[in-house]
Amino acid sequence: MTDLQTHATEIHEQFSDELDVSVEEIHERLETLVEEYKVPVEEARRSVTSSYLDDAGMDRDSLGGGGGGGNEELLVADIDTDEQWLDVTVKIVDLWEPRSDSIAQVGLVGDESGTVKFTKWATSDLPELEEGAVYHLENVVTDEYQGDFSIKLNRTTSIEELDEEIEVGDDSAEIEGDLVDIQSGSGLIKRCPEEDCTRVLQNGRCNEHGEVEGEFDLRIKGVIDDGDDVHEVIFDKDATEELTGITIEEAKEHAMDALDTTVVADDMREITLGRYYRVSGPTFGRYVLADDFEQLTDPVDPEATLIRARSI
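Every chain is numbered on its own, with residues counted from 1 as its sequence reads. In view of the model being predicted, local features appear only for residues whose pLDDT reaches at least 70, and side-chain atom pairs are presented and counted only at 80 or more, with totals across whole chains, interfaces and linings using the full set of residues. For the side-chain quantities, the full set of heavy atoms in the structure was used; hydrogens and water were omitted.

**So, the packing of aromatic side chains**
Part 1: Any pair of Phe, Tyr and Trp rings, taking the six-membered ring for Trp, is counted once the centres come within 6.5 Å. Such a pair is stacked with planes under 30 degrees apart, edge-to-face with planes over 60 apart, and tilted for the rest. Applying the stated criterion across every chain yields a total of two aromatic pairs.
Part 2: A ring pair is formed by Phe15 and Tyr52, whose centres lie 5.7 Å apart and whose planes are at 55°; its orientation type is tilted. Of this pair, Phe15 sits in helix α1 (residues 3-15) while Tyr52 sits in helix α3 (residues 41-56), placing them 37 residues apart in sequence. Accessibility assignment for this pair places Phe15 and Tyr52 in one class, buried.
Part 3: Between Phe235 and Phe293, the ring centres sit 5.5 Å apart and the planes meet at 85°, which makes this aromatic pair edge-to-face. On the criterion of sequence distance, the pair formed by Phe235 in strand β13 (residues 230-235) and Phe293 in strand β16 (residues 292-295) is long-range, its members being 58 residues apart. Think of it this way: any DSSP run of H or I at least four residues long counts as a helix, any run of E at least two long counts as a strand, and we number them from the N terminus. Only protein chains enter the area calculation, which uses a 1.4 Å probe; residues under 20% of their type maximum are buried, those over 50% are exposed, and those in between are partly exposed.

Put into structure tokens, the structure is as follows:
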């Protein structure tokens, strides 16, 4: 007997007195989650068990020790493991515009410990999350990229809206200083188009999915010197367009004319370096995500800016 058949038989024994469901039906549901959606076996068992608990109007405690266990519930600041299945109770802090049709919703969720990015896939067939509402999310999975963690909602995730308020912990930052450098990986970039990935392509390749036809995006990875420390800041497409006055369509046209995408970052350096900015937004690892910003003064001495940039 395979592992899935064993799990199906055990689940059937738990619900045989309450539901008219066969071992074959249970096995098929488990197989779909594990084979098609790549859900770990234990998580698939918990999801199927939870569904049958709802159908039978039963509590998990009534199953005794055979229900497959539950996920650990964590504060978002305690998420430190990739591909961990867990539960969270969070407030929807901010919703962003998805960059791909494969993403239904993307944004920030938070609890008293801080905030974390979330992604809800279009294929998950889950209800819409409302900004400002509080939800208990069961069976989400963590993701890690370059030291930054996020959570993903999937077809097995359950969502319960709660009539309560959460005071979200403040992990935002505000910095003022000279924009002294625009790092490599800025300007007109391409991202992986796969539905579970938005990684930036390197020479046409995604680290996870190999050679793909990327989707254009704009960003700036900048360095701001406040006089005491340097801070790395990321401006997304909308912020980059506002900061530089260069739209993504203009950037693509210029790159096509020059047969070189690096000219876009060069233009951005010419427009922004040496200017003094106030930037605020949430922190992700070592980066500050520029939600709000303003230029405070005229450009400073470009030669001094270049010297400071080379010393970083």
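**What to know about the pattern of salt bridges**
Pairing between side chains becomes possible if they bear opposite charge and their charged atoms approach one another.
Part 1: Salt bridges are counted wherever a side-chain nitrogen of Lys or Arg sits within 4 Å of a carboxyl oxygen of Asp or Glu. Taken as a whole and assessed by the stated rule, the structure comprises 12 salt bridges.
Part 2: Across the salt bridge formed by Glu213 and Lys190, the nearest N and O atoms sit 3.6 Å from each other. Of this pair, Glu213 sits in the loop between β11 (210-211) and β12 (215-225) while Lys190 is found in strand β9 (residues 187-191), placing the two residues 23 residues apart along the sequence.
Part 3: Glu213 sits in the exposed class, given a relative accessible area of 62%.
Part 4: Judged by its relative accessible area of 26%, Lys190 is partly exposed.
Part 5: One continuous salt-bridge network, built from bridges that share partners, spans Glu176, Arg278 and Glu294.

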